[in-house]
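# A look at the structure
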Amino acid sequence: MSERDNKQSERRNSGGGPVGGAGGLRDDEKAKNFKETWGKLIRYCRRYWIGIAIAFATAAIGAVFQVMGPNMLGHMTNEIIKGLPALVDGKPVLGAIDMGAVSKIAWTLVALYLGAGFFIFIENFLMATITARISGNMRSDISEKINRLPLRYFDNTSIGDVISRTTNDVDTIGQTLNQSVDNMVRASTMFVGALFMMFWNSWILALVALSSTIVGFALMTFIMKSSQKYFIIQQKGLGDVNGHVEEIYSGHNVVKVYNGVEAARATFEGYNDSLYDSGWKSQFFSSLMMPLMTFIGNFGYAAVCVVGAALAMNGRIEFGVIVAFMIYIRLFTQPLSQMAQSMQQLQRTAAASERVFEFLEEPELSDESQAAEVLENVRGDVEFRKVHFGYKPDKPIIKDFSVNVDAGQKIAIVGPTGAGKTTIVNLLMRFYDIDSGEILIDGIPTCDVHRDNVHDQFSMVLQDTWLFEGSIRDNIVFNKTDVTDAEVIDACKAVGVHHFIQTMPEGYDTILSDKATISAGQKQLMTIARALIQNHPMVILDEATSSVDTRTEKLVQEAMDKLTRGRTSFVIAHRLSTIKNADKILVMQDGDIVETGSHDELLQQGGFYADLYNSQFELAA
């Protein structure tokens, strides 16, 4: 396993993957700096400020139209009451309802509610369009940022965390911008408007409605604070259960073999009991919210009816005011609930935005604007001159590394885990920038050449075969244009995988997916065919046979020999039997070369390489 693989494994085991639950945004998580983060998000959205302003304006106008409706209903009620039967000298006398006035008010109501619906539709359309574009831009920025980040960043960050920022966090931001932000504007307008209209109609009834609402919301706030701790415990309990289940069932065979089923079950039951306890308490308190909101509304209705009836009997208000207040109470309490929910979402979005902007503000690869050299018609001469490098400044891995490689040579790099083998080829391809020294290709320092130009000189075959979901042909041609079918077939024949591909249902058009049954060796041969068809002057083979069996190893080795023929190649291998034909073997230990020579020369020296080689055969025996 390479040094970088070790780092990735450590990250996974330390909580960077599903077991640790890293990368997900908990419901109780808050941003470190709410105002600063929202300031960054607002600046990020500034190109759409005109559309957002129009959406907010239409949301406010729609809310105003809704607030005007109850007052018109009150007027309509008063007009109807005027025409109801009345007692005159003890005899019922039918009144005459002014249907013209009622119709006029009714059509005004229709216009108000249609107008409200129209403006809300415009607002929803604008915000849906704008937030979709903002989310798309943000994902594009993250994708471009990934390509500009040094590999040092990914050595210390789990892949799951980066994926979560691209998906979960951006989705959270998009949902909030689409639903909560404009909802805050609409709810605030409706709250202020309803409050104004209540005081406009009757300050006494307004105070009654306010008092009943404040009592209810005080009770609801107390319950929410009391229940918050159970929601936090529930989130932790869910993480414990999910982590334990994945951990146990991913290693189910090992648990079975070591009779650890009972211990695993006991641990699970402990987590499950804790989750049950916090779960039912949190759900119980949560289920109180809706009945409580109903109680607040009904309590307000009752208070308004009792006090309003007394005022109406005294002639201080008209009956239509009571009808209007019945609706205004709902328009007053509903926005408070909406604003409370929106504030929670704004907090969560601030945390998500903070994670996204932290990623976008990470230090990028060194500037290449001064890299004027260009590698063309590369022969493949490579030179390392006193190269020093460390993933961390205080922990050097490569120390004073120097070596000359002639064009067309096959160079094997061997040594124990952590010696710096993979690091050397990563430095050669400029995946990392060296701390000091020089690396030259055909006499040109790689630091004076654009990274993309350096990458164009190498084909690579790794221990882990990377194939994407697509046709076999697309996987082999990967990112190379103007490749004919004949060239693809020739490459596959050269590495010995053509016959297997022909047996597939659709041949070279067969789609590779989870359902396709392909062995590790066949996958590796396809990646070698991919490297062969790129036709680059230099090749990197990083433990390319370590994941296949001995029989398949021979086929892969033959394919790699064809790939490296006539090309400068660097081979990293733990199986020393696969590098006997290397022109030069570099034996590394603690970041430096301790021995150099051919296979036979190093065996004759009886040094570190000979010990490594002999120990492998002793283990095999």
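Here's a quick rundown of the structure. (Residues numbered from 1 in each chain as written. Predicted model: local features only at pLDDT ≥ 70, side-chain atom pairs only at ≥ 80, totals over all residues. Heavy atoms only, no water.)

Right, let's talk about the environment of Phe125 for a bit. Along the polypeptide, Phe125 turns up in helix H4 (residues 99–148). Taking relative accessible area as the criterion, Phe125 reaches 52% and is therefore assigned exposed. Here the alpha-carbon distance between Phe125 and Asn178, two residues 53 residues apart in the chain, equals 9.6 Å. (Helix = DSSP H or I, 4+ residues; strand = E, 2+ residues; numbered from the N terminus. Buried < 20%, exposed > 50% of the residue type's maximum accessible area, 1.4 Å probe, protein only.)

The next thing to look at is the sheet that holds strand S14 (residues 592–597). Here we have 6 strands laid out as an open sheet, ordered S8-S11-S12-S5-S13-S14, and mixed in their pairing. The open sheet has two edge strands, strand S8 (458–462) and S14, and neither has a second partner. Taking the axes of each pair of neighbouring strands and ignoring which way they run, one obtains an average angle of 20° across the sheet. Bridge count for S8 against strand S11 (residues 538–542) is 5 bridges, and the pairing is parallel. Its bridge partner lying in S11, Met460 is registered against Ile540. Across the sheet, helix H11 (residues 421–428) is in contact with strand S5 (410–414), S8, S11, strand S12 (568–572) and strand S13 (584–589); its angle to S12 comes to roughly 150°. (Pairing = 2+ DSSP bridges. Axes fitted to C-alpha atoms, helices over the stretch in contact; angles between N-to-C directions. Contact = heavy atoms within 4.5 Å.)

Counting buried positions along S5 gives 5 out of 5 residues, so the element sits mostly inside the fold. What you see with S5 is no split at all: Lys410, Ala412 and Val414 on one side and Ile411 and Ile413 on the other are buried throughout. Across 4 bridges, S5 lies against S13 in parallel orientation. For Val414, the partnering residue across the bridge sits in S13 and is Val587.

Turning to the nonpolar core, a few remarks are in order. Of all hydrophobic cores here, the largest spans 62 residues; its most connected members are Phe384, Ile398, Phe401, Leu428 and Phe570. The greatest single-element share of this core, amounting to 8 residues, is contributed by helix H10 (residues 319–360). Not counting residues within four places of it along the chain, the set of residues in contact with Ile398 comprises Val387, His388, Phe389, Gly420, Thr423, Ile424, Leu427, Met588 and Gly591. By size, the runner-up hydrophobic cluster in this structure holds 41 residues, among which are Ala491, Leu512, Val539 and Ala559. (Core = buried A, V, L, I, M, F, W, Y, C linked by side-chain atoms within 4.5 Å.)

The next thing to look at is the environment of Thr77. Relative to the assigned elements, Thr77 resides in helix H3 (residues 49–82). Aside from chain neighbours lying at most four places away, what touches Thr77 is Phe319, Gly320 and Val323.

Scanning the model with the defined rule gives 19 salt bridges in all. For Asp442, the salt bridge goes to Arg379, with nearest N and O atoms at 3.9 Å. Of this pair, Asp442 sits in the loop between strand S6 (436–441) and strand S7 (444–445) while Arg379 sits in the loop between H10 and strand S3 (382–389); the two residues are 63 residues apart in sequence, bridging distant segments of the chain. Note on Asp442: relative accessible area 18%, which makes it buried. On the basis of relative accessibility, which here comes to 53%, the residue Arg379 falls in the exposed class. Counted as one network, the salt bridges with shared partners bring together Glu36, Lys40 and Glu361. (Salt bridge = Lys/Arg side-chain N within 4 Å of Asp/Glu carboxyl O.)

Under the criterion given, the structure shown has 11 aromatic pairs. Arranged with centres 6.2 Å apart and planes meeting at 55°, the rings of Trp280 and Phe284 form a pair that is tilted. You can see Trp280 and its partner Phe284 sitting in helix H9 (residues 261–313), 4 residues apart, about one turn around the helix. On the accessibility criterion, Phe284 (41% relative accessible area) is partly exposed. Through a chain of ring-to-ring contacts, the aromatic side chains of Phe65, Phe118 and Phe119 assemble into a single cluster. (Phe/Tyr/Trp six-rings, centres within 6.5 Å; stacked < 30°, edge-to-face > 60°.)

Judged by pairing direction, the sheet is antiparallel, and its 4 strands sit side by side in the order S4-S3-S6-S7 without closing on themselves. Pairing within the sheet leaves two strands with one partner each, and these edge strands are strand S4 (398–405) and S7. Both S3 and S4 contribute to a ladder of 5 bridges, which runs antiparallel. Within the sheet, the bridge partner assigned to Phe384 lies in S4 and is Val403. Packing against the sheet, H11 makes contact with S3, S4 and S6, and its axis sits at approximately 115° to S3.

Taken N-terminus to C-terminus, the directions of helix H6 (residues 159–201) and H10 make an angle of 155°; their axes are 5 Å apart at the nearest point. As the angle between them shows, H6 and H10 are arranged roughly antiparallel. Here H6 runs over H10; the crossing is left-handed. A per-class count over the contact of H6 with H10 returns 25 nonpolar, 12 polar and 6 charged. (Parallel < 35°, antiparallel > 145°, perpendicular 65-115°, else oblique. Left-handed = near helix turned anticlockwise from the far one by under 90°. Nonpolar A, V, L, I, M, F, W, Y, C, P; charged D, E, K, R; others polar.)

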